[in-house]
Amino acid sequence: MLERRMSHDDLIDHLVRSTPLSRGEAGRVVLDVLAYFDETTEEFVRRRHRELQSGGLTNADIFERITAELPYRAVAPPELSLRQLRRIVYG
């Protein structure tokens with residue numbers, strides 16, 4: 001984790017200059033964002049399914065929304081079929 005923090009010093013410096021964040025706060029923000037985008041496709045699909053399901057959406061709406069969100073991930077995964085999405089969630 002220390003190596004990752006060191007490799008983003010320029011970004012942390014930029015955040016400190018351009019926002020009211022302290023250096024420590026900016027470092028935590030960078031690490032949080034990196035952790036968010038380190039999520040695998042499977043982890044993302046499962047997490048979003050849980051979040052959307054808890055919001056009362058039906059599976060049809062959930063899978064449609066996840067399909068629309070996937071291309072906008074940091075590294076867009078391959079297009080997944082409805083069956084593949086279900087297999088990720090339910091095994």
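Heads up: these notes are all about the structure in this document. Note that this is a predicted model, so its numbers are computed, not measured.

Side note on the pattern of salt bridges
(1) Moving on: Throughout the structure, instances matching the rule amount to 7 salt bridges.
(2) Moving on: Between arginine 47 and glutamate 39 there is a salt bridge, and its shortest N-O distance comes to 2.7 Å. Each of the two residues, arginine 47 as well as glutamate 39, counts as buried.
(3) Moving on: Between arginine 73 and glutamate 39 there is a salt bridge, with the nearest N and O atoms lying 3.3 Å from each other. Of this pair, arginine 73 sits in the loop between α5 (59-69) and α6 (82-90) while glutamate 39 sits in the loop between α3 (23-37) and α4 (41-54), placing them 34 residues apart in sequence. Each member of the pair, arginine 73 as well as glutamate 39, is classed as buried.

Structural notes on the packing of α5 against α6
(1) Moving on: In contact at an axis separation of 11 Å, α5 and α6 are set at 105 degrees when each is read in the N-to-C sense. By the angle between their directions, the pair α5 and α6 is classed as roughly perpendicular. Across the interface between the two elements, Asn59, Phe63, Ile66 and Thr67 from α5 touch Leu82, Leu85, Arg86, Val89 and Tyr90 from α6.
(2) Moving on: Its residues assigned to classes, the contact of α5 with α6 shows 6 nonpolar, 2 polar and 1 charged.

So, the packing of aromatic side chains
(1) Moving on: Using the criterion set out here, one finds 1 aromatic pair in the structure.
(2) Moving on: For the cation-ring pair, arginine 73 lies above tyrosine 36, with the distance from its terminal atom to the ring centre recorded as 4.8 Å.

A look at a nonpolar patch on the surface
(1) Moving on: Residues Val29, Val33, Tyr36 and Phe37 make up a contiguous nonpolar surface patch of roughly 330 Å² in combined accessible area.
(2) Moving on: When you line up the elements, phenylalanine 37 lands in helix α3.
(3) Moving on: Judged by its relative accessible area of 38%, phenylalanine 37 falls in the partly exposed class.

A short note on the side chain of arginine 73
(1) Moving on: Arginine 73 sits in the buried class, given a relative accessible area of 10%.
(2) Moving on: Within the structure, arginine 73 has its side chain in polar contact with the backbone oxygen of tyrosine 36 (distance 3.2 Å).
(3) Moving on: Dropping the residues within four chain positions of it, arginine 73 is found in contact with Tyr36, Phe37, Glu39, Phe44 and Arg47.

Structural notes on the nonpolar core
(1) Moving on: Counting 10 residues, the largest nonpolar core consists of Phe44, Val45, Leu52, Ile62, Phe63, Ile66, Leu70, Leu80, Leu85 and Ile88.
(2) Moving on: When contributions to this core are tallied by element, the ones reaching two or more residues are α4, α5 and α6.
(3) Moving on: Here leucine 85 is in contact with Val45, Phe63, Ile66, Thr67, Leu70 and Leu80, once residues within four sequence places are set aside.

Describing the packing of α4 against α6
(1) Moving on: The N-to-C vectors of α4 and α6 enclose an angle of 85 degrees; their axes lie 9 Å apart at closest approach. If you check the angle between α4 and α6, you find them roughly perpendicular. Judged by residue contacts, Glu42, Val45, Arg46, His49 and Gln53 of α4 engage Leu85, Ile88, Val89 and Tyr90 from α6.
(2) Moving on: Grouping the amino acids of the contact of α4 with α6 by side-chain chemistry returns 5 nonpolar, 2 polar and 2 charged.

Reading the values: rules and limits
- Residues numbered from 1 in each chain as written.
- Predicted model: local features only at pLDDT ≥ 70, side-chain atom pairs only at ≥ 80, totals over all residues.
- Heavy atoms only, no water.
- Salt bridge = Lys/Arg side-chain N within 4 Å of Asp/Glu carboxyl O.
- Buried < 20%, exposed > 50% of the residue type's maximum accessible area, 1.4 Å probe, protein only.
- Helix = DSSP H or I, 4+ residues; strand = E, 2+ residues; numbered from the N terminus.
- Axes fitted to C-alpha atoms, helices over the stretch in contact; angles between N-to-C directions.
- Parallel < 35°, antiparallel > 145°, perpendicular 65-115°, else oblique.
- Contact = heavy atoms within 4.5 Å.
- Nonpolar A, V, L, I, M, F, W, Y, C, P; charged D, E, K, R; others polar.
- Phe/Tyr/Trp six-rings, centres within 6.5 Å; stacked < 30°, edge-to-face > 60°.
- Lys NZ or Arg CZ within 6 Å of the ring centre and 35° of its normal.
- Patch = residues over 30% accessible without salt bridge, like charges linked within 9 Å, V, L, I, M, F, W, Y side chains within 5 Å.
- Areas by Shrake-Rupley, 256 points an atom, 1.4 Å probe, with all protein chains shown as cover.
- Polar contact = N/O pair within 3.5 Å; in protein donor to acceptor, adjacent residues only side chain to side chain.
- Core = buried A, V, L, I, M, F, W, Y, C linked by side-chain atoms within 4.5 Å.

Honestly, that's just the spatial picture; any functional story needs more than this.
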